[in-house]
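Structural features, examined
So the chains spell out like this:
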Amino acid sequence: MDIIVLIKPTPDITKAKFDISRGVVDRSSATLEINPFDLYAIEVAKRIKALFGGTITSISMAPPHAEPALRDAIARGVDRAILLTDKRFAGADTLATSYTLAMAIKKLGKFDLILCGEKSVDGDTAHIGPEVAEFLGIPHVSFVTRIVDITKDKIIVEADYGDAYYTVELRLSALIALSRPVIFKEEFIEPQTPKFSDILRAKKARIEIWNADYLSDIADPSRFGLAGSPTRVVRVYYALEKGRQAKVIKDYDEGVKAVLEILKQLRMI
Amino acid sequence: MSARNILIYAENYSGNIHRASYELLGKARELISKIGGEVYATIVTTKEDAEKHAKDLIAYGADKVVEYIADKSLLPNQQVHKEALLDAINFVQPKLVLIPATPWGRSLGPRVAAAIKTGITADCLDIYIDENGEIIQVRPAFTGNIIAHIKTLTLPVMATIRPGVFPPPKPNYERRGDVIVREMKLSPNVTETLKVLGVVRTKTVRLSDADVIVSVGKGLRSKEDVKLFEELAKELGGVLGCSKPLVDMGWLERDRQVGFSGNTVRPKLYIALGISGAPQHIAGMKDSQYVIAVNLDPSAPIAKYSDVFIIGDMYEFAKRLLSIIKDQKMKKS
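Note that the structure is a prediction, hence the values are computed from the model and not measured.

Let's shift gears to the overall build of chain B. When helices and strands are tallied, chain B shows nine helices and 16 strands. Taken over C-alpha atoms, the radius of gyration comes to 22 Å for chain B, in line with the 20 Å a tight globule of 333 residues would show. Principal-axis analysis of the C-alpha atoms places the extent of chain B at approximately 65 × 45 × 45 Å. In chain B, once contacts between residues fewer than 6 apart in sequence are set aside, the share between residues at least 24 apart is 67%.

Moving on: the overall build of chain A. A tally of helices and strands in chain A yields seven helices and 16 strands. Expressed as a percentage of its 269 residues, the buried residues of chain A come to 50%. When contacts within chain A are restricted to residue pairs at least 6 apart in sequence, those whose partners lie at least 24 apart make up 69%.

The next point concerns the domain arrangement of chain B. Residue and element names in this part refer to chain B. Partitioning chain B into domains gives domain 1 (6–193) and domain 2 (207–332). When each unit is reduced to the centre of its C-alpha atoms, the spacing between domain 1 and domain 2 is 34 Å. Every contact between the two is made by four residues of domain 1 and, on the other side, seven residues of domain 2. A per-class count over the side of domain 1 that touches domain 2 returns one nonpolar, three polar and no charged.

What follows covers unusual backbone geometry. Going from A:L172 to A:S173, the amide bond is cis rather than trans, its omega being 5°. You can see A:S173 is positioned in the loop between strand 11 (164–171) and strand 12 (174–184). A cis amide bond links B:L155 with the next residue in sequence, B:P156, at an omega value of -5°. Within the element layout of this structure, B:P156 appears in the loop between strand 8 (146–152) and strand 9 (157–161). The phi torsion at B:N5 lies on the positive side, around 70°, for a residue other than glycine. With respect to the helices and strands, B:N5 occurs in the segment before strand 1 (6–9). Residue classification places B:N5 among the buried positions, given that 21 C-beta atoms sit within 10 Å. Phi is positive for B:D123, which is not a glycine, with a value near 55°.

The subject of this paragraph is the nonpolar core. A:V5, A:L115 and B:I8 are the most contacted members of the largest nonpolar core, which has 130 residues in total. With residues near it in sequence (within four places) discarded, A:V5 still touches A:A41, A:I42, A:A45, A:I56, A:S58, A:V78, A:L115 and A:C116. Judged by nonpolar contacts, the second largest core, of 49 residues, contains B:V212, B:A303, B:V308 and B:L321.

So, about the confidence of the model for chain B. In the predicted model, chain B carries a mean pLDDT of 94, and the fraction of residues at 70 or more is 99%. Quick note on the complex model: pTM equals 0.91, ipTM equals 0.93.

Paired through their backbone hydrogen bonds, the strands of a sheet run either parallel or antiparallel. Read from one edge of the open sheet, six strands run 16(A)-16(B)-15(B)-14(B)-12(B)-13(B), paired in parallel fashion. Across the chains shown, the open sheet's two edge strands, defined by having one partner strand only, are strand 16 (247–249) of chain A together with strand 13 (239–242) of chain B. Direction aside, the axes of adjacent strands within the sheet are offset by 20° on average. Where strand 12 (residues 212–216) of chain B meets strand 13 of chain B, four bridges bridge the pair, whose relative direction is parallel. The residue bridging B:I213 from the neighbouring strand is B:V239, located in strand 13 of chain B.

A separate point is the sheet that holds strand 9 of chain B. Residues and elements named next belong to chain B. Taking strand neighbours across the sheet as the criterion, the seven strands line up as 5-9-4-1-2-3-10 in an open arrangement whose pairing is parallel. Edge positions in the sheet fall to strand 5 (120–124) and strand 10 (178–182), since each of these pairs with one other strand and no more. Averaged over all adjacent pairs, the angle separating strand axes in this sheet is 20°, with direction ignored. Note that strand 1 and strand 2 (residues 39–45) share four bridges and pair parallel. Each residue of the ladder has a partner; that of I6, found in strand 2, is V39. Contacts from helix 2 (residues 50–59) reach strand 2, strand 3 (64–69) and strand 10, with the element oriented near 155° to strand 3. Along the sheet, helix 3 (residues 78–92) contacts strand 1, strand 2, strand 3, strand 4 (96–100) and strand 10; its crossing angle with strand 2, the most-contacted strand, is approximately 155°.

Our focus in this paragraph is the interface of chain B and chain A. In this assembly, 79 residues from chain B lie in contact with 66 residues from chain A. Within the side of chain B that touches chain A, the residues separate by chemical class into 42 nonpolar, 21 polar and 16 charged.

Turning next to helix 3 (residues 94–108) of chain A. Residue and element names in this part refer to chain A. An ideal rise of 1.5 Å per residue puts 21 Å on 15 residues; helix 3 measures up with 21 Å between its terminal C-alpha atoms. Summarising burial for helix 3: twelve of the 15 residues are buried, a large majority. Buried within helix 3 are the following residues: T94, L95, A96, T97, S98, Y99, T100, L101, A102, M103, A104 and I105. Positive backbone phi, approximately 100°, marks G109, located one or two places after helix 3.

A word on the environment of A:F18. Residue and element names in this part refer to chain A. You can see F18 is positioned in strand 3 (residues 18–19). Classification of F18 by C-beta neighbours within 10 Å gives buried; the count is 22. With 80 residues separating them along the chain, F18 and S98 place their C-alpha atoms 24 Å apart.

All right, on to the pairing of strand 6 (residues 55–61) of chain A then. Residue and element names in this part refer to chain A. Burial runs high along strand 6: six of the seven residues are buried. As defined by bridge partners, strand 1 (residues 2–6) adjoins strand 6 across five bridges and the pair is classed as parallel. Each bridged residue has a counterpart across the sheet, and for I4 the counterpart in strand 6 is T57. Across five bridges, strand 6 lies against strand 7 (residues 80–84) in parallel orientation. Note on strand 7: the bridge partner recorded for T57 is R80. With helix 2 (residues 67–75) bridging strand 6 and the parallel strand 7, this β-α-β connection has right-handed handedness.

The rules behind the values
Residues numbered from 1 in each chain as written. Chains lettered and ligands numbered in written order. Predicted model: local features only at pLDDT ≥ 70, side-chain atom pairs only at ≥ 80, totals over all residues. Helix = DSSP H or I, 4+ residues; strand = E, 2+ residues; numbered from the N terminus. Rg over C-alpha atoms; globule rule 2.2 N^0.38 Å. Contact = placed C-beta atoms within 7 Å. Buried ≥ 20, exposed ≤ 12 C-beta atoms within 10 Å, placed from the backbone. Domains from an automatic or database assignment. Nonpolar A, V, L, I, M, F, W, Y, C, P; charged D, E, K, R; others polar. Core = buried A, V, L, I, M, F, W, Y, C linked by C-beta atoms within 7 Å. pLDDT = per-residue confidence, 0-100. Pairing = 2+ DSSP bridges. Axes fitted to C-alpha atoms, helices over the stretch in contact; angles between N-to-C directions. Expected span 1.5 Å × (residues − 1). Right-handed = clockwise from strand over helix to strand, strands pointing away.

Quick look at the structure:
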C-alpha cells in the first residue's frame, strides 16, 4: 500500500513569538517541528504499512529550515520525505497550499491513501485535507477518531460529525484527516519518541527538495503562493485577554464565599 | 451585475437542523442591507421534513429556501451535501456563503470552496462590512493567541462561523418566504466512493451548550473520584468537563475534553479544578464569562486567566462548595 502523509512543520506555540507588525511568526524565535496532529497520521501510516507493506511518503510545504522536522518524520518511520520549498510558494493561503500539495501528489504518481492531521496548531483551519481531496477528485473524511478496518480497496472509519459519531466507508484512493486521540482498530495511538538509532539514521537520510519549476509541467504556477491565494490578512493583533480580576484566595471558606458571590451575580442560586 | 445575496447552509445530517444554522440566519439579516439582495437558506432534507424545515428557516430569517430532497439514508453522506451546495451556489450566485463551523461544516466548507476555487475562512468569531463595503472575516489563529481580520478577493466569499458567537434570532412563523425545490442531481459514484454505515453514538454531553462547566484535570487522583465532581456540576446545573490528559488516560470520554483539540467553550461560569492551564486548554475556555480555578500550585498558569484563583485542594474545595449548595437548596424547599 502506498501511503502519503501530509506533514506541516509548525512552530512550537508555547515558545514561538509573533511578529505582530508583519502578521507572521517570528521565524527566528522558534524552530519548526511536526504539527502535533500530524504525528498521529505517521503512527497510523506505520500500522497500515505493517499490515500491507508498501511505502510511506511524507509531503510538506515549508521554508528550507523545516528540514529537521522532516528528519524527525523519517526517524519516526516515514520512508521518503519530500519538501516543497520555493519563494514562489511563499504567502500561500489554504487554497494555494492545497493546490500545491495536490500537484506534488499527482507528480508522485500512484497512491492508495493520504493521511493528515485534522488541523494545525498555528493555522487551525482544518482546510488542507478536504481541499487536497477535492483537487485530486478522491473522497475524504475529516475529524476521524478511529480506523475501524482497512482492506486493499477500502477503509472504514469513525468520524466526529459534531453531535454524533458516524461510521463511514471510503473506497480507496481516499484521504483521511485524523483527530487526536485516535484509535487504530482497538489500539489507542500515542506517538512515541523515536529511538536513538532511528534519529542517527534519519540524520543521514536524503530529504528531496522540490521547487515550483519541478511541478510546472502539470501545475499552473499562477496558482502557487501569494499570487494564487484568494484570501488576504488585512489586520492582525493579539487576542485581548478578558480583564480578569485574578483574585488569589488561600482560605477555603473565603474561596467558597467568593464563588457563591459569582453564582449570585449570575442568578444561578 | 455584481453578486448580491447571502446564502446560509443549514446543516442537516440527522433530520434535525443544527441550531447554529439559525444563528447564521440572524447574522445574515443584519448584514443583508449592506450587501443587497436577499437571504437564502439551502438545505438537504427528506420528503417528510421538507415543509417543516422550510417553515423553520423562513421563521428564523430566510427570504428564500433552496431545498434538495434526498433519501433519509443519504443525509449523513457529505458528498451528497457537497453536490447540493455547489448547485445552490450556482443557482443563487451569492456574494457570501456562511456555514456553521461544526466538524461537519469545517469538512464540507473547504471541499466546496476548492471545487469552485474560492477563498474560505475557518471558524470565524465575527464578520462585518468595512467602510469600503468589503466583507471582513474575523478569526483566531495560533491556538487562539492571535486574531486576524481577513478579506477574500474571489466570489463568493465563504466562511465557517463558530457556533454560539451570534445569538439565535427569535423565530417568527408569520414571516413569508419562497421555497424552491431543486432537483438533486448526483454525479456518478458519489454514493459508492463514500458510504455511511451508521451512527456509532450520539453525544450525550454537549459542553458547547452548557451555562456552567466544572472541569477536572490532572489533580484528579482516581477515575472513581469523578463522581464527586460530576455531582458538583449537576448541583450547579452544569456539565462535567476535563482537560486532555484525563481523556488520554481513558478516565473520561473525549466529548468532555475542553481545549484546542477538544471543545471550545464559552459558558457563563467555568470552574477549573486541578487544571494547571496549558496553552491548549486556555484556548478552549478563555472566553468564558467567569473563571474560577482551584490548584495546589500557586504558580499554575491558569491563575492569570481566572477571576478567582483558590490555592488549595480541589477535593476539599468541591466538598465544601457542594455541602453549602445542598444546604441552600434544602432551606429553599
